[in-house]
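Structural description and commentary
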Amino acid sequence: MSLDFFREKIVEAAARKTPLRLRGGGTKDFYGNEPRGEVLDTRSYAGIVDYEATELVVTARGGTALSHLEGILREKNQFLPFEPPHFGEQATVGGCVAAGLSGPRRASAGALRDFVLGVTVVDGRGRTLRFGGQVMKNVAGYDVSRLLAGSLGTLGLIAEVSLKVLPRAPAQQTLCLQLEEGAALEALNGWAGRPLPVTASAWHAGRLWLRLEGRRAAIDPAVAQIGGERVDAEEGLALWSAVREQTHAFFGGADPLWRLAVPSTTPPLALGQEARGGTLIEWGGGLRWLKFSGEAARVRDAASRAGGHATLFRAAHKSTPAFAPLAPAVLRVHRELKAAFDPSGILNPGRLVAEP
Amino acid sequence: MGAALPARQREVAEALRAFLPARAVLHEEEDTRPYECDGLTAYRQLPMVVALPETEEQVQRILRTCSAMGVPVVPRGAGTGLSGGALPLGDGVLLSMAKFMRVLRLDPKARVAVVQPGVRNAAISDIAAPFGLYYAPDPSSQIACTIGGNVSENSGGVHCLKYGLTVHNVVRLRGYTIDGEPIEVGSESPDAAGYDLLALAIGSEGMLMVVTEVTVKLLAKPQCARVIMASFDDVEKAGEAVAAVIAAGIIPAGLEMMDRPATRAVEQFVGAGYDLEAAAILLCESDGTEREVEEEIAHMNEVLTRAGATRLTVSRDERERLRFWSGRKAAFPAVGRISPDYYCMDGTIPRKRLGEVLLFIRDMEKKYGLRCPNVFHAGDGNLHPLILFDANSAEQLERTEQFASEVLEKCVEVGGTITGEHGVGVEKINQMCVQFRPDELEAFGAVKRAFDPRGLLNPGKAVPTLARCAEYGRMHVRGGKLAHPELPRF
């Protein structure tokens, strides 16, 4: 399908003022506020546009399957450093960027948005706009490509995206330590202040897993410094995949799943004790997952008291907005940006921020 | 752009003196003169009034006052910028953030520092050093430039391939909109809710908000670092060697290239120990634990040798490493010594087009009769060709500008950009019309209006109006012969 097809759909919907639900494989339908509108499936606009390993940049169309892109990178021993969760086989590159979610490597390598170099987008007026490019350094104009990362399709349809990629590390070692929550947080923040090759962490129910990556020459002395038990390579891979894809047992069960982003040094949250399913901590302490069925306000308060924010990530029924409320000045800018890129308000309306 | 009427100047200065101490409001020419330009000295303009606030509350009141009076405001850090982003307006207030020099919080455990915008880039790493931490972006002006200016320009440096730019190392900004409304973007917790306004604000050249507080990420300092100086008898081979290093799965901590005219200028100035016979040299750095660095340096040596390096020298100790870097970091002032003036360009290109672009620059040297040494952040494709000229000759200045504009347009043509890290400012505003289409420029305008509906914050920078592009397009067709030489061309 050519991009004109999508452009025409958007122009038509804008003229009729009927909402469109931009959608890739639908693997993240659960994320954000209730999607609404007529589905516009992006998967027919697919393919790798350009990939030159020595440039460390890949450009793909939005509808490309994320697993296909990752496969292409693997052939050249490269990968997406932000380790995006797929949440299903149908995940697309465009959906991945629109959701803006990063995986276990977030604390060490950076977030998805850090690797977005350029985007081609069809906005709510049907204009095809290109921002950024295929180069690492680019300060011409405002950084609209990064603005689109995590915008949940509310500003435009991500037609094409250029991402920075990196070579895979030559070696990997997972460690497991027995530590209580408070001690684990202390330890994680301590290690992060030292030049250790920790690329992922996960704590749950008294056990802390760490992933070390790099040259063997860097890993071995780090293992000696950190201690703990060496986890078998295959078991390690399975664990990090289960954390990234939320197939770990913690993520099961019917209670709503909350995602709290907090400063990494935040002490154990009292709510964690109350949550029936307990808590799982990633990103060196900066990300706390909570299975909690109590009042939303309590989670939101706990997060904001710590200087962070809480997202209702997965729930059978979302009785509260998915995302934390925005400060007045920020909300005003949000509304202005939305109105500028999508004046008819037809693109994934309300998915990120409630309509005025 | 012309000077404001004395009555208006008096009116604005008086309104500001109502709440600012007399010494914090300047309007006499002898006092405002030091603010007439930033690092891009070819463009000068006296501001109507200079304001030097010391507190957030004062910043807020200045903005409210200017906003109410419809006076444009130009924020300024240390004034080291190279694209004229802090060029004053003759009918505007120049808002100097120089007095915001305090470190508000250093949290070694959380690895963040909260600083005011006037804190110097290098000072952040200095205060973090006792904790084994540092702030990664290191623009070559780092001893003088401020973090506020770095935020405005999204500054880079020689280590960004591995450690990122300002946008990757700043997590939160606090400041005010043009109406004096407080605004906070980003957060100390990962990935703040809503649109990524932090990414928009960084690199926005002071056009979206006035920043009063910056939270930066601090990284653990690697145990050791060593750098290889590799010589090549051909510039293109040096470019291919860069690709070979990346293809071998190595991300060097720094990867820089200098051509012979550049190394020769530098050597006279600092004595960095460069190979002056080489057509080009690469500086390729590894950092990490001692054993890791040893292994990686060996790997790099092997790749560089295979790629045709004619000589390899590895720094033996920290002193020698810093000496090798001193030449690269002093490249601009060194070139300043061999020519009355130089004009620094800042295009970024896909690395694979390097050979082609360097040949193009050589042709331009002949076409315009001006010399042009090259320094290059090779790892991330960011070129800094330095055109040598004499600003006392108006004709040479004009040739220089045409030379530069042809090179920047070449960068766009090969899939790159007109500015990698110095910003658009007033300098490259015409080339924005080449890189972007009208719809995209209109979208930038909409972003600006979302923060600043009346266009009072640093107007006229970074994003050209469509009318200006139409005018530039007309000028362009005439092959550099300007239709109205009497018009100021910013």
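Residues numbered from 1 in each chain as written. Chains lettered and ligands numbered in written order. Predicted model: local features only at pLDDT ≥ 70, side-chain atom pairs only at ≥ 80, totals over all residues. Heavy atoms only, no water.

The next thing to look at is the packing of helix H10 (residues 260–270) of chain B against helix H13 (residues 331–338) of chain B. Residue and element names in this part refer to chain B. Contact geometry for H10 and H13: axes closest at 8 Å, N-to-C directions at 90°. Taken together, the axis directions place H10 and H13 in an arrangement best described as roughly perpendicular. Across from Ala265, Val266, Gln268 and Phe269 in H10, the residues of H13 making contact are Ala331, Pro333, Ala334, Val335, Arg337 and Ile338. Here the contact of H10 with H13 is composed, by residue class, of eight nonpolar, one polar and one charged. (Axes fitted to C-alpha atoms, helices over the stretch in contact; angles between N-to-C directions. Helix = DSSP H or I, 4+ residues; strand = E, 2+ residues; numbered from the N terminus. Parallel < 35°, antiparallel > 145°, perpendicular 65-115°, else oblique. Contact = heavy atoms within 4.5 Å. Nonpolar A, V, L, I, M, F, W, Y, C, P; charged D, E, K, R; others polar.)

Turning to the confidence of the model for chain B, a few remarks are in order. All names here are of chain B. Taken residue by residue, chain B gives an average pLDDT of 93. The fraction at 70 or more is 96%. A low-confidence stretch, residues 477–490 stays under pLDDT 50, and its non-local contacts, those more than four residues away or across chains, total 18 contacts. Our summary of model confidence lists the complex with pTM equal to 0.95 and ipTM equal to 0.97. (pLDDT = per-residue confidence, 0-100.)

Further remarks concern helix H4 (residues 121–128) of chain B. Residues and elements named next belong to chain B. Most of H4 sits inside the fold, with six of its eight residues counted as buried. Buried within H4 are the following residues: Asn121, Ala122, Ala123, Ile124, Ser125 and Ala128. Taken together, the buried residues of H4 touch strand S6 (112–115), strand S7 (133–134), helix H5 (147–153) and strand S10 (210–217). (Buried < 20%, exposed > 50% of the residue type's maximum accessible area, 1.4 Å probe, protein only.)

Right, let's get into the pattern of salt bridges. Counted under the stated rule, the structure contains 61 salt bridges over all chains. Arg106(A) is the partner of Asp191(B) in a salt bridge, and the nearest nitrogen-oxygen pair spans 2.8 Å. On the criterion of chain membership, the pair formed by Asp191(B) in the loop between strand S9 (182–186) and helix H8 (197–201) and Arg106(A) in helix H4 (residues 106–109) is interchain, its members lying in two chains. A salt bridge links Arg113(A) to Asp196(B); its shortest N-O distance comes to 2.7 Å. Note that Arg113(A) is positioned in the loop between H4 and strand S6 (116–123) and Asp196(B) in the loop between S9 and H8, a pairing that runs across two chains. The exposure classification of Arg113(A) matches that of Asp196(B), with both residues buried. A network of salt bridges, in which partner residues are shared, links Asp123(A), Arg125(A), Arg127(A), Glu442(B) and Arg449(B). (Salt bridge = Lys/Arg side-chain N within 4 Å of Asp/Glu carboxyl O.)

Before going further, it helps to examine helix H12 (residues 318–329) of chain B. All names here are of chain B. Between the first and last C-alpha of H12 there are 16 Å, a value that for 12 residues agrees with the 16 Å anticipated at 1.5 Å per step. All of the buried residues along H12 are Glu320, Arg321, Phe324, Trp325, Gly327 and Arg328. Relative to the axis of H12, the buried residues are bounded by an arc of 150° and lie together on one face. (Expected span 1.5 Å × (residues − 1). Arc of directions from axis to C-beta.)

Facing 69 residues of chain A, the contacting portion of chain B comprises 86 residues. Buried area between chain A and chain B, both sides added, is near 6,400 Å², and the carbon and sulfur share of it is 59%. Counting across the interface, chain A meets chain B through 12 salt bridges. Our count for the chain A to chain B interface comes out at 26 residue pairs in polar contact (both at pLDDT 80 or more). For the side of chain A that touches chain B, the secondary structure elements donating two or more residues are strand S3 (48–52), strand S7 (128–132), helix H5 (144–148), strand S9 (166–167), helix H6 (181–192), helix H7 (216–226), strand S14 (257–261) and helix H11 (328–341) of chain A. Examining the composition of the side of chain A that touches chain B, we find that 11 residues originate from one element, H11(A), more than from any other. Tallied by class, the residues present in the side of chain A that touches chain B amount to 34 nonpolar, 15 polar and 20 charged. (Buried area = accessible area lost by both parts, 1.4 Å probe. Polar contact = N/O pair within 3.5 Å; in protein donor to acceptor, adjacent residues only side chain to side chain.)

Residues and elements named next belong to chain B. Here helix H14 (residues 354–368) crosses helix H15 (residues 394–413) at 160°, and the two axes come no closer than 10 Å. Taken together, H14 and H15 sit at an angle that is classed as roughly antiparallel. At the point where H14 passes H15, the crossing takes the right-handed sense. Facing Glu356, Val357, Phe360, Ile361, Met364, Glu365, Lys367 and Tyr368 of H14, the residues of H15 in contact are Arg399, Gln402, Phe403, Glu406, Val407 and Lys410. Here the contact of H14 with H15 is built from residues that sort into seven nonpolar, one polar and six charged. (Left-handed = near helix turned anticlockwise from the far one by under 90°.)

For the rest of this paragraph, the subject is the environment of Val434(B). Residue and element names in this part refer to chain B. Considering the arrangement of structural elements, one finds Val434 in helix H16 (residues 429–435). Overall, the relative accessible area of 33% leaves Val434 in the partly exposed class. Val434 has contacts with Glu409, Val412 and Tyr472, leaving out every residue within four places of it along the chain.

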